[in-house]
Amino acid sequence: MTLSLRRLALATALTALALPAAAQTAWDMPTPYGDTVFHTQNISQFANDVREATDGQLDITVHSAGSLFGHPEIKDAVRRGLAPIGEILLSRLANENPVFEADSIPFLADGYEDASALWAASRPAVEQLLADQGLTLLYAVPWPGQSLYLTEEVTDPAALQGVSFRAYNTATEQLANLLGMVPTQVEAGDIPTAFATGRVSAMMTSPSTGVSSQAWDFTSVFVDVNAWLPKNVVFVNTDAFEALPEDQQTALMEAAAAAEARGWEMSEAETATQTAALADNGMSVVQPSDALATALAEAGETMTAEWLERAGAAGTAILEAYEAAQ
Ligand code: PCA
């Protein structure tokens, strides 16, 4: 090798060493819900925004519908660094700490303004609990209000006794029990099969999940009770986040803030459009009878009181901050 060639080789090697930040980072992102669900569409947009803002240097691939990790595994997978980033339904963590299920108590916050105030009141505690596990919260987006799907109209709440009920977290399980129903946990993607095989015959979920599971194939009545707005959260493994160059960290945070704002708007818009889609597909959309509304409200009061007891000082602080914001 001539001297100049050797110099050139050395210069090339040094340049490569000096530019490790230019190496592309590829992140796999497990999520629980299907591609047609607005949360997933919002996440795809978030991933696009991150890719664009980092000139393709941070490349997030979304693995929807539990295809990489099942919903119950996603949080631990991200905590252990098996996946750097993920999404879950926040209240699925209720068994770890009651703070995580504040958004799943019936009628505590049953509109977007209230849900937003409740999120502002509970976000610091949620953020801290996740941080304690090496997770950094990126954003949260609510589902539209949760309403009741039945195979036939019920005006007397006594008719719910013994009905098998599809639950998706401990709060929906408790609500079913309080109304005399028999809860079974079923992931959103398994709803059609659970109804088709007779495992369940009623559920409470958003009009969005009603549409994505084609609820008109196995239920006929949508009782518009709009009782709570549970949230999905997107979070990142803190070590993986801190390993990113600073400009990519900023890009991720900015895309997250945009996804949170966009997601809340998408959710609110879905409330009307997806309820209309249920009606268009033949479901009768009805208001609850006074007796049913009373039974649900009483269950909500019981659940609020029990939650406060379980959540202790942290719960009281959240409710005080929530009330002060209203
Ligand atoms: N859809 C999810 C959670 C809440 C909702 O509206 C589900 O039914 O599993």
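Below is a summary of the structure that appears in this document. (Residues numbered from 1 in each chain as written. Predicted model: local features only at pLDDT ≥ 70, side-chain atom pairs only at ≥ 80, totals over all residues. Heavy atoms only, no water.)

**Overview of the overall build of the protein**
- In terms of helices and strands, the protein carries 10 helices and 11 strands.
- Its C-alpha atoms put the protein at 95 × 45 × 30 Å along the principal axes.
- Taken across its 326 residues, the protein has 49% of its residues classed as buried.
- Here the contacts in the protein between residues at least 6 apart in sequence split such that 77% fall between residues at least 24 apart.
- On the protein, roughly 14200 Å² of surface is accessible, and the fraction owed to carbon and sulfur atoms is 52%. (Helix = DSSP H or I, 4+ residues; strand = E, 2+ residues; numbered from the N terminus. Buried < 20%, exposed > 50% of the residue type's maximum accessible area, 1.4 Å probe, protein only. Contact = heavy atoms within 4.5 Å. Areas by Shrake-Rupley, 256 points an atom, 1.4 Å probe, with all protein chains shown as cover.)

**Section: the site of the ligand**
- Taken together, Tyr-33, Trp-143, Gln-146, Arg-166, Tyr-168, Ala-188, Thr-205, Ser-206, Thr-209 and Pro-230 make up all the residues around the ligand.
- In this structure, Thr-205 approaches the ligand through a side-chain N or O atom, which is 2.7 Å from an oxygen atom.
- For the ligand, the accessible surface in isolation is 260 Å², of which the surrounding protein chains cover 99%.
- Taken together, the residues of the shell around the ligand sort by class into five nonpolar, four polar and one charged. (Near = heavy atom within 4 Å. Polar contact = N/O pair within 3.5 Å; in protein donor to acceptor, adjacent residues only side chain to side chain. Nonpolar A, V, L, I, M, F, W, Y, C, P; charged D, E, K, R; others polar.)

**Digging into unusual backbone geometry**
- The phi dihedral of Ala-65 falls on the positive side, at around 55°, and the residue is not glycine.
- Relative to the assigned elements, Ala-65 resides in the loop between strand S2 (58-63) and helix H3 (71-79).
- For Phe-107, which is not glycine, the phi torsion reads 70° and is therefore positive.
- Looking at where Phe-107 falls in the secondary structure, it is placed in the loop between strand S3 (85-89) and helix H4 (112-131).

**A short note on the environment of Thr-172**
- Mapped onto the elements, Thr-172 comes out in helix H5 (residues 170-178).
- On the basis of relative accessibility, which here comes to 0%, the residue Thr-172 falls in the buried class.
- Expressed as a C-alpha distance, the spacing of Thr-172 and Pro-183, which sit 11 residues apart in the sequence, is 7.9 Å.

**Examining the pairing of S2**
- For strand S1 (residues 25-30) and S2, the ladder comprises six bridges, and the chain directions are parallel. Across the sheet, residue Met-29 finds its bridge partner in S2, namely Val-62.
- With respect to chirality, the unit in which S1 leads through helix H2 (residues 38-53) into the neighbouring parallel S2 is right-handed. (Pairing = 2+ DSSP bridges. Right-handed = clockwise from strand over helix to strand, strands pointing away.)

**A look at the packing of H5 against helix H10 (residues 290-325)**
- Close contact between H5 and H10 brings their axes to 10 Å; oriented N to C, the two are set at 130°. With respect to H10, the element H5 is oriented oblique. For H5 against H10, the interelement crossing comes out right-handed. Only Leu-296, Ala-299, Thr-302, Met-303, Glu-306 and Arg-310 of H10 make contact with H5, whose side of the interface consists of Ala-171, Gln-174, Leu-175 and Leu-178.
- Of the residues in the contact of H5 with H10, the class split is six nonpolar, two polar and two charged. (Axes fitted to C-alpha atoms, helices over the stretch in contact; angles between N-to-C directions. Parallel < 35°, antiparallel > 145°, perpendicular 65-115°, else oblique. Left-handed = near helix turned anticlockwise from the far one by under 90°.)

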